[in-house]
Amino acid sequence: PSSPLIPSPTQLSCFLHFTKVNLGVCNATKYEVDLDLQGIGPDILAEVNDKVLSDAGISVGNIIHLKRGCVVWQNSSDAK
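These notes cover the structure that comes with them. (Residues numbered from 1 in each chain as written. Predicted model: local features only at pLDDT ≥ 70, side-chain atom pairs only at ≥ 80, totals over all residues. Heavy atoms only, no water.)

Mapped onto the elements, asparagine 62 comes out in helix 4 (residues 60-74). Within the structure, the side chain of asparagine 62 is placed 3.0 Å from the side chain of tyrosine 31, a separation counted as a polar contact. (Helix = DSSP H or I, 4+ residues; strand = E, 2+ residues; numbered from the N terminus. Polar contact = N/O pair within 3.5 Å; in protein donor to acceptor, adjacent residues only side chain to side chain.)

For the rest of this paragraph, the subject is the pattern of salt bridges. For the coordinates displayed, the defined rule picks out two salt bridges. The partner of lysine 67 in a salt bridge is aspartate 50, with the nearest N and O atoms 2.5 Å apart. Of this pair, lysine 67 sits in helix 4 while aspartate 50 sits in helix 3 (residues 50-55), and the two are 17 residues apart along the sequence. In this structure aspartate 50 comes out as partly exposed when scored by relative accessible area, which is 42%. Note that aspartate 55 and lysine 51 form a salt bridge whose closest N and O atoms lie 3.0 Å from each other. Taken together, the residues aspartate 55 and lysine 51, both in helix 3 and four residues apart, mark about one turn of the helix. (Salt bridge = Lys/Arg side-chain N within 4 Å of Asp/Glu carboxyl O. Buried < 20%, exposed > 50% of the residue type's maximum accessible area, 1.4 Å probe, protein only.)

The next thing to look at is the packing of helix 1 (residues 11-23) against helix 4. At a minimum axis separation of 10 Å, helix 1 and helix 4 run at an interaxial angle of 105°. It follows that helix 1 is roughly perpendicular to helix 4 by the angle criterion. Only His65, Leu66, Gly69, Cys70, Val72 and Trp73 of helix 4 make contact with helix 1, whose side of the interface consists of Gln11, Cys14, Phe15, Leu16, Phe18, Thr19 and Leu23. Residue composition of the contact of helix 1 with helix 4, grouped by class: nine nonpolar, four polar and no charged. (Axes fitted to C-alpha atoms, helices over the stretch in contact; angles between N-to-C directions. Parallel < 35°, antiparallel > 145°, perpendicular 65-115°, else oblique. Contact = heavy atoms within 4.5 Å. Nonpolar A, V, L, I, M, F, W, Y, C, P; charged D, E, K, R; others polar.)

Encoded structure:
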């Protein structure tokens, strides 16, 4: 099993770029400021309540894509 990612300041940017390029979340990078202000990174995104993400302006569809995408990203070479 892979070890958990240690959060870093660039992880969120890298993850959002990954979801934009690889998962079709066209406006993913626009969520960076709001997610960062809440301390939400790809390491915990899947556990965050959908209402919190919705309140940050993320659509229901993009919430699903981002939550699924964080698992894909963490297992990709882009996260290493």
